[in-house]
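Listed below, chain by chain, are the residues.
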Amino acid sequence: VQLVESGGGLVQPGGSLRLSCAASGFTFSSYTMRWYRQAPGKERELVAAITSAGGITNYADSVKGRFTISRDNAKNTVYLQMNSLKPEDTAVYYCNTRRFMDYWGKGTLVTVSS
């Protein structure tokens, strides 16, 4: 299993970013995918999740209405569209799936600052 995140960077408050996670080594279309984040000095937290066919999504209260998770099973990729970014969204964002155990990418850093 390999998960590779991309799309992070520096953005001003109120701005947008789209993260991508390219997956390989397993049957992507059969598994729920998740985005987590970890801010400096804080525990890793679940941001959003999407079921295998994309029919059900859920979000942390802190990002509801601002972030959207989606997936393209033909491209083995999951996305996180982040709008109206706030400084408190600054964190390393990780892609995750669970197949007998948790698998993680290396993360992509999102910094929201003016």
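Residues numbered from 1 in each chain as written. Predicted model: local features only at pLDDT ≥ 70, side-chain atom pairs only at ≥ 80, totals over all residues. Heavy atoms only, no water.

Undergrad: Teacher, can you tell me more about the overall build of the protein here?
TA: On a plain count of helices and strands, the protein comes out with 0 helices and 11 strands. Element order for the protein, N to C, with α for helix and β for strand: β-β-β-β-β-β-β-β-β-β-β. Taken over C-alpha atoms, the radius of gyration comes to 13 Å for the protein, in line with the 13 Å a tight globule of 114 residues would show. Along the three orthogonal principal directions, the C-alpha set of the protein runs to about 40 × 25 × 20 Å. Looking at the 114 residues of the protein, the share that counts as buried comes to 38%. Working note: accessible area of the protein is about 6000 Å², and carbon and sulfur atoms make up 48% of it. Once the 13 positive and 8 negative side-chain charges of the protein are each reduced to a mean point, those two points are 5 Å apart. (Helix = DSSP H or I, 4+ residues; strand = E, 2+ residues; numbered from the N terminus. Rg over C-alpha atoms; globule rule 2.2 N^0.38 Å. Buried < 20%, exposed > 50% of the residue type's maximum accessible area, 1.4 Å probe, protein only. Areas by Shrake-Rupley, 256 points an atom, 1.4 Å probe, with all protein chains shown as cover. Lys, Arg positive; Asp, Glu negative; His and termini not counted. Charge placed at Lys NZ, Arg CZ, Asp CG, Glu CD.)

Undergrad: Any chance you could explain the packing of aromatic side chains here in plain terms?
TA: What describes a pair of aromatic rings is the distance from one ring centre to the other and the angle between the planes of the rings. Inspection of every chain in the model, using the stated rule, returns 4 aromatic pairs. Judged by centre distance (5.8 Å) and plane angle (75°), the ring pair of Phe-26 and Tyr-31 falls under edge-to-face. The buried category is assigned to Phe-26, whose relative accessible area is 10%. In this structure an aromatic cluster arises from ring pairing among Phe-26, Phe-28 and Tyr-31. Over the ring of Tyr-94 we find Arg-44, and its NZ or CZ is 3.8 Å from the ring centre. Over the ring of Phe-28 we find Arg-71, and its NZ or CZ is 4.3 Å from the ring centre. (Phe/Tyr/Trp six-rings, centres within 6.5 Å; stacked < 30°, edge-to-face > 60°. Lys NZ or Arg CZ within 6 Å of the ring centre and 35° of its normal.)

Undergrad: Looking at this structure, I do not really get the nonpolar core. What am I missing?
TA: In globular proteins that are soluble, nonpolar side chains generally tend to be buried together. Residues Trp-35, Val-78, Leu-80, Met-82 and Tyr-93 are the most contacted members of the largest nonpolar core, which totals 26 residues. Of all the secondary structure elements, the ones that give two or more residues to this core are strand S3 (17-24), strand S4 (33-38), strand S5 (45-50), strand S7 (67-72), strand S8 (77-82), strand S9 (91-98) and strand S11 (108-112). Residue contributions to this core peak at 4 residues, all from S3. Apart from the residues lying within four places of it in its own chain, the contact partners of Tyr-93 are Glu-5, Leu-19, Trp-35, Tyr-36, Arg-37, Val-47, Phe-67, Leu-80, Met-82, Gly-107, Thr-108 and Val-110. (Core = buried A, V, L, I, M, F, W, Y, C linked by side-chain atoms within 4.5 Å. Contact = heavy atoms within 4.5 Å.)

Undergrad: Explain the environment of Gln-38 to me, please; I cannot follow it from the model alone.
TA: One can find Gln-38 in strand S4. Expressed as a C-alpha distance, the spacing of Gln-38 and Val-92, which sit 54 residues apart in the sequence, is 5.3 Å. Gln-38 has contacts with Glu-43, Arg-44, Ala-91, Val-92 and Tyr-94, leaving out every residue within four places of it along the chain. A distance of 3.1 Å separates a polar side-chain atom of Gln-38 from the backbone oxygen of Lys-42. (Polar contact = N/O pair within 3.5 Å; in protein donor to acceptor, adjacent residues only side chain to side chain.)

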